[in-house]
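Given next are the chains, with one letter for each unit.
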Amino acid sequence: MKIKNSFLVCFLIFGFFSFSQKVQLKKADANYDQFHYVNAIKTYEKVANKGYKSVELFSKLGDSYYFQSNLNEANKWYEQLFSLNEKVDTEYYFRYAQTLKSIGDYQKSDATMAQFNKLNSADLRAILSNNQTNYLEEIKKNSGRYRIENAGINSEYSDYGTSFYKNTLVFTSARDTGGVFVKKHNWTNQSYTNLYGAVISDNGNLEAPVKFSKKIDSKFHESTPVFTNDGLTMYFTRNNFLNGKKGRDSNKTILLKLYKATKNGDSWDNIVELPFNSNEYNCAHPALSPDEKTLYFSSNMPGTKGLSDIYKVAILSDGAFGKPVNLGGSINTEARETFPFISNTNELYFSSDGHPGLGGLDVFITQLKEDGTHGKIKNVGAPVNSNSDDFAFIMDTASKNGFFSSNRKEDNLGFDDIYKCTETIPVPKDCQQSITGLLVDAETKLLMPGVKVVLYDINYVKIDELTTDQNGKFDFGQVACETKFRIQFEQKEYASKETLVITPKDSGITDILIELTPNLQPLQVGRDLRKTLGIDIIYFDLDKSNIRPDAAVELAKILEVMKEYPTLEIDVRSHTDSRQTSKYNVSLSERRAKSTIKWLVENGVAPNRLTGKGYGETQLLNSCADDIPCTEEEHQANRRSEFIITKL
């Protein structure tokens, strides 16, 4: 009986703990769903520390730290998740790989990423990873180009997101300024952020920060401003709150929106939200193009590829806005792309954890082009990038001084800190290659205008199409370096031709000479027998009329045709280059014609089937006339014989 009672007590205790865990997990899940990660973590960890294990628990606990950018703690729980050896969503392979970088285990991170790639071959992150297996070597090449130091204005709270405003650095901070009631955000357990300003002294140091604008401050988040060059307009990020009214999405969450304010004396007034905002998605972190006609920002609006993408929107002349456009291409991935900044030289800096990097968010750079495309995406390397989150990079291209934000542990006062950086060696510009060429007849060496030329990539995806100009030239303009291209040439009466071109790794021009060969044609009166048969040109040495050994080989081909067609008659026409006098060249060409006829007769062709004449320099194939400088090859093109069919 005692034994039965003991079992009953144990069962009741187990049932109580089981019920208690379910209650706690339900409470934690509610906090998690509302992005109250601080409270969710407390409850999840209590349950986990009592020995409870599940895929859902470890994934949500890891995510709670992951979305707070605490990758070290996230790694601990993702490791527990994978140790269960149960099926998990493939996205966790990516997140686990990211957190492994945060603890410096790049080997295991790469192995985990390889599993992700295998499971998600169409994912851009997988494609980039497979194409950049040597990413650490590439990052190393770009490293050491900046000198960095703590900016000296940081607090024990989160400080980030800088912008230049006249002689002041404006930034975002969650520091507590001593108010009686301090409202804290459940995501981070820190105060809501406000904008602060620190004057930049003549020596480049920052003076003590002060609140930037009382009118901009609200009881919710303000962050990441950007200013027009005249200092009269500001775009900034704020929670969905305006004129004392807050807005929520369908899940009752207050998201982020973009706002605009204008300067009125010493005050920022006329705060309005931008028209493409919505209660149902975030818009944040604005940046302006150098001409201030385009606003860039980060959002998860419909059409976003990942957790957040970078968009651009036209600012119209009347102050209205166009329709936001996703930068797409190879910039946005299925992960986070955020915190855009456009330099005065039209370079886009942005942060991403979808492109191969050192861990967490890394800063990347790409050149924006006038046609709307962009150049190669490059990781700016260490020390700007680390195995933690590095983001919100800005740069004054004139002074080469800039700022960025990071939650790295080194020289960090707590959470996100602002760092000053000085560019000592510029990140290498994109390699710029051009493909140009000249098209000539393979036999006559004559230039070939009006020929269709098509440029393809290695997989036959059409890139461009044009026709050669009056001088037989073509120019496809700028193309990628270290890339394979296919070029096809099409012209009636000539054999189609394809040429493989591989551009070098350094900037320059890839210039090619293409020779098209005429198609074989049927025997017909008036045609050149040599061209009809595809026989090489029969050349003569300078100032000589004897048959060269290579010419004898070609003449033998004509001889065989004349034997096969016994009624065939031809007229041998000999030509010279322009060197020597016209009279001399006529005489020389006559000797060459007779020499050619003599060779054919000696080898069995009846003399009455052959006629001949020397034309001297009267029918040049190119511009190499008297006193025109030409190469030996160009002159030799004129020293030739033709075999015109006169009778079949």
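Residues numbered from 1 in each chain as written. Predicted model: local features only at pLDDT ≥ 70, side-chain atom pairs only at ≥ 80, totals over all residues. Heavy atoms only, no water.

## Examining the packing of aromatic side chains
Logical step 1: Applying the stated criterion across every chain, the model contains 36 aromatic pairs.
Logical step 2: Between the aromatic rings of Phe-341 and Tyr-349, the centroid separation amounts to 6.3 Å while the plane-to-plane angle is 40°, which identifies the pairing as tilted.
Logical step 3: Judged by its relative accessible area of 3%, Tyr-349 is buried.
Logical step 4: Directly above the aromatic system of Phe-94 lies the positively charged group of Arg-125, at a separation of 4.3 Å from the ring centroid.
Logical step 5: In this arrangement the basic side chain of Arg-591 is found over the ring face of Tyr-584, its NZ or CZ atom lying 5.8 Å from the centre. (Phe/Tyr/Trp six-rings, centres within 6.5 Å; stacked < 30°, edge-to-face > 60°. Buried < 20%, exposed > 50% of the residue type's maximum accessible area, 1.4 Å probe, protein only. Lys NZ or Arg CZ within 6 Å of the ring centre and 35° of its normal.)

## Observations concerning the environment of Ile-435
Logical step 1: Tracing the chain through its elements places Ile-435 in strand S25 (residues 433-441).
Logical step 2: Taking relative accessible area as the criterion, Ile-435 reaches 0% and is therefore assigned buried.
Logical step 3: Considering only alpha carbons, one finds Ile-435 and Thr-503, 68 residues apart in sequence, at a separation of 8.1 Å.
Logical step 4: Sequence-distant contacts of Ile-435, defined by excluding residues within four places in its chain, comprise Leu-455, Phe-474, Asp-475, Phe-476, Gly-477, Val-479, Phe-485, Ile-487, Val-501, Thr-503 and Thr-510. (Helix = DSSP H or I, 4+ residues; strand = E, 2+ residues; numbered from the N terminus. Contact = heavy atoms within 4.5 Å.)

## A closer look at the nonpolar core
Logical step 1: Judged by nonpolar contacts, the single largest core of 31 residues is most densely connected at Tyr-44, Leu-57, Leu-61, Tyr-78, Leu-81 and Phe-82.
Logical step 2: Among the elements of the structure, helix H1 (2-33), helix H2 (37-49), helix H3 (55-66), helix H4 (71-83), helix H5 (91-102) and helix H6 (106-119) are those that each provide at least two residues to this core.
Logical step 3: Each residue touching Leu-81, except ones within four places of it in the same chain, is listed here: Val-55, Phe-58, Ser-59, Val-88 and Tyr-92.
Logical step 4: One finds Ile-153, Phe-171, Ile-394 and Phe-403 within the second-largest nonpolar core, a separate group that totals 23 residues. (Core = buried A, V, L, I, M, F, W, Y, C linked by side-chain atoms within 4.5 Å.)

## Concerning the pattern of salt bridges
Logical step 1: Applying the stated rule across the entire model yields 31 salt bridges.
Logical step 2: Measuring nitrogen to oxygen at the nearest pair gives 3.8 Å for the salt bridge that ties Asp-389 to Arg-336. Of the two residues, Asp-389 is situated in the loop between strand S21 (378-379) and strand S22 (390-396) and Arg-336 in the loop between strand S17 (325-326) and strand S18 (337-342); the sequence distance between them amounts to 53 residues.
Logical step 3: Glu-632 is the salt-bridge partner of Arg-579, the closest N and O atoms lying 3.3 Å from each other. Pair noted here: Arg-579 is in the loop between strand S32 (569-574) and helix H11 (582-602) and Glu-632 is in helix H12 (residues 632-638), with a separation of 53 residues, a long-range link.
Logical step 4: For Arg-579, a relative accessible area of 27% puts it in the partly exposed group.
Logical step 5: When its relative accessible area of 38% is taken as the criterion, Glu-632 is described as partly exposed.
Logical step 6: A network of salt bridges, in which partner residues are shared, links Asp-577, Arg-579, Glu-632 and Arg-639. (Salt bridge = Lys/Arg side-chain N within 4 Å of Asp/Glu carboxyl O.)

## A look at unusual backbone geometry
Logical step 1: At the junction of Ala-382 and Pro-383, the peptide bond is cis and its omega measures out at 5° in the coordinates.
Logical step 2: Residue placement: Pro-383 occurs in the loop between S21 and S22.
Logical step 3: Positioned with a positive phi, Lys-166 is a non-glycine residue whose angle comes to about 55°.
Logical step 4: Summarising the element assignment, Lys-166 is placed in the loop between strand S2 (159-165) and strand S3 (168-173).

## Describing a positive patch on the surface
Logical step 1: A cluster of basic side chains, namely Lys-27, Lys-42, Lys-46 and Lys-50, defines a positive patch on the protein surface.
Logical step 2: Mapping Lys-27 onto the fold places it in helix H1.
Logical step 3: The exposure class of Lys-27 is exposed, given its relative accessible area of 55%. (Patch = residues over 30% accessible without salt bridge, like charges linked within 9 Å, V, L, I, M, F, W, Y side chains within 5 Å. Areas by Shrake-Rupley, 256 points an atom, 1.4 Å probe, with all protein chains shown as cover. Lys, Arg positive; Asp, Glu negative; His and termini not counted. Charge placed at Lys NZ, Arg CZ, Asp CG, Glu CD.)

## With respect to the sheet that holds strand S19 (residues 347-352)
Logical step 1: Spatially, four strands are ordered S18-S19-S20-S21 in an open sheet, and the strand pairing comes out antiparallel. The open sheet is flanked by S18 and S21, the only strands paired with a single partner.
Logical step 2: Both S19 and strand S20 (residues 362-367) contribute to a ladder of six bridges, which runs antiparallel. Bridge pairing in S20 places Leu-348 opposite Thr-366. (Pairing = 2+ DSSP bridges.)

## As for the environment of Val-572
Logical step 1: Note on placement: Val-572 falls in strand S32.
Logical step 2: Taking the relative accessible area as the measure of exposure, Val-572 reaches 0% and is therefore buried.
Logical step 3: Put simply, Val-572 and Glu-273 are 299 residues apart on the chain and 86 Å apart in space, counted from C-alpha to C-alpha.
Logical step 4: The contact partners of Val-572, leaving out residues within four places of it in the chain, are Ala-593, Thr-596, Ile-597, Thr-611, Gly-612, Lys-613, Glu-642 and Phe-643.

## Re the side chain of Asp-249
Logical step 1: Along the chain, Asp-249 falls in the loop between strand S11 (245-246) and strand S12 (256-264).
Logical step 2: Arg-248 is the oppositely charged side chain nearest to the buried, salt-bridge-free Asp-249, at an N-O distance of 7.3 Å.
Logical step 3: Among the polar contacts made by the side chain of Asp-249, one reaches the main-chain amide nitrogen of Asn-251 at a distance of 2.9 Å.
Logical step 4: A distance of 2.7 Å separates the side chain of Asp-249 from the backbone nitrogen of Thr-253, its partner in a polar contact. (Polar contact = N/O pair within 3.5 Å; in protein donor to acceptor, adjacent residues only side chain to side chain.)

## Digging into the pairing of S2
In regular strands, side chains alternate between the two faces of the sheet.
Logical step 1: Taken across its seven residues, S2 has six buried, putting it largely inside the fold.
Logical step 2: Where S2 lies against S3, five bridges are found, and the strand directions are antiparallel. Bridge pairing in S3 links Tyr-165 to Thr-168.
Logical step 3: Counting the residues between successive antiparallel strands, the hairpin from S2 to S3 contains two residues, one of them, Lys-166, with a positive phi of roughly 55°.

## What about the sheet that holds strand S31 (residues 508-516)?
To summarise the sheet geometry, strands pair through backbone hydrogen bonds and adopt either a parallel or an antiparallel arrangement.
Logical step 1: Read from one edge of the open sheet, three strands run S28-S25-S31, paired in mixed fashion. One side of each edge strand has no neighbouring strand; the edge strands of this open sheet are strand S28 (473-479) and S31. With direction set aside, neighbouring strand axes in the sheet form an average angle of 20°.
Logical step 2: As judged from the five bridges shared by S25 and S28, these two strands associate in the antiparallel manner. Bridging across to S28, Ser-434 finds its partner in Gln-478. (Axes fitted to C-alpha atoms, helices over the stretch in contact; angles between N-to-C directions.)

## Here we look at the confidence of the model for the protein chain
Logical step 1: Overall, the prediction assigns the protein chain a mean pLDDT of 89, with 93% of residues at 70 or greater.
Logical step 2: A low-confidence stretch, residues 1-17 (pLDDT under 50), is modelled with zero contacts involving residues beyond four sequence positions or located in other chains. (pLDDT = per-residue confidence, 0-100.)

## Description of the state of the cysteines
Logical step 1: Taken as a whole and judged by the stated rule, the model has two disulfides.
Logical step 2: Across a sulfur-sulfur distance of 1.7 Å, Cys-431 and Cys-481 are joined as a disulfide pair. Taking the torsion about the sulfur-sulfur bond, which here is approximately -85°, the covalent link between Cys-431 and Cys-481 counts as left-handed. Placement of the pair is Cys-431 in the loop between strand S24 (417-423) and S25 and Cys-481 in the loop between S28 and strand S29 (484-490), with a sequence separation of 50 residues.
Logical step 3: Judged by its relative accessible area of 23%, Cys-431 is partly exposed.
Logical step 4: On the basis of relative accessibility, which here comes to 13%, the residue Cys-481 falls in the buried class.
Logical step 5: One disulfide bridge connects Cys-624 with Cys-630, the sulfur atoms lying 2.1 Å from each other. A torsion of -105° about the S-S bond marks the disulfide between Cys-624 and Cys-630 as left-handed.
Logical step 6: Residue classification places Cys-630 among the partly exposed positions, given a relative accessible area of 23%. (Disulfide = S-S within 2.5 Å.)

## Quick look at H11
Logical step 1: With 21 residues, H11 extends 30 Å from end C-alpha to end C-alpha; this agrees with the ideal 30 Å at 1.5 Å per step.
Logical step 2: Regarding H11, the residues found buried are Asn-585, Leu-588, Ser-589, Arg-592, Ala-593, Ser-595, Thr-596, Ile-597, Trp-599 and Leu-600.
Logical step 3: Looking at the residues trailing H11, positive phi occurs at Gly-604, about 115°. (Expected span 1.5 Å × (residues − 1).)

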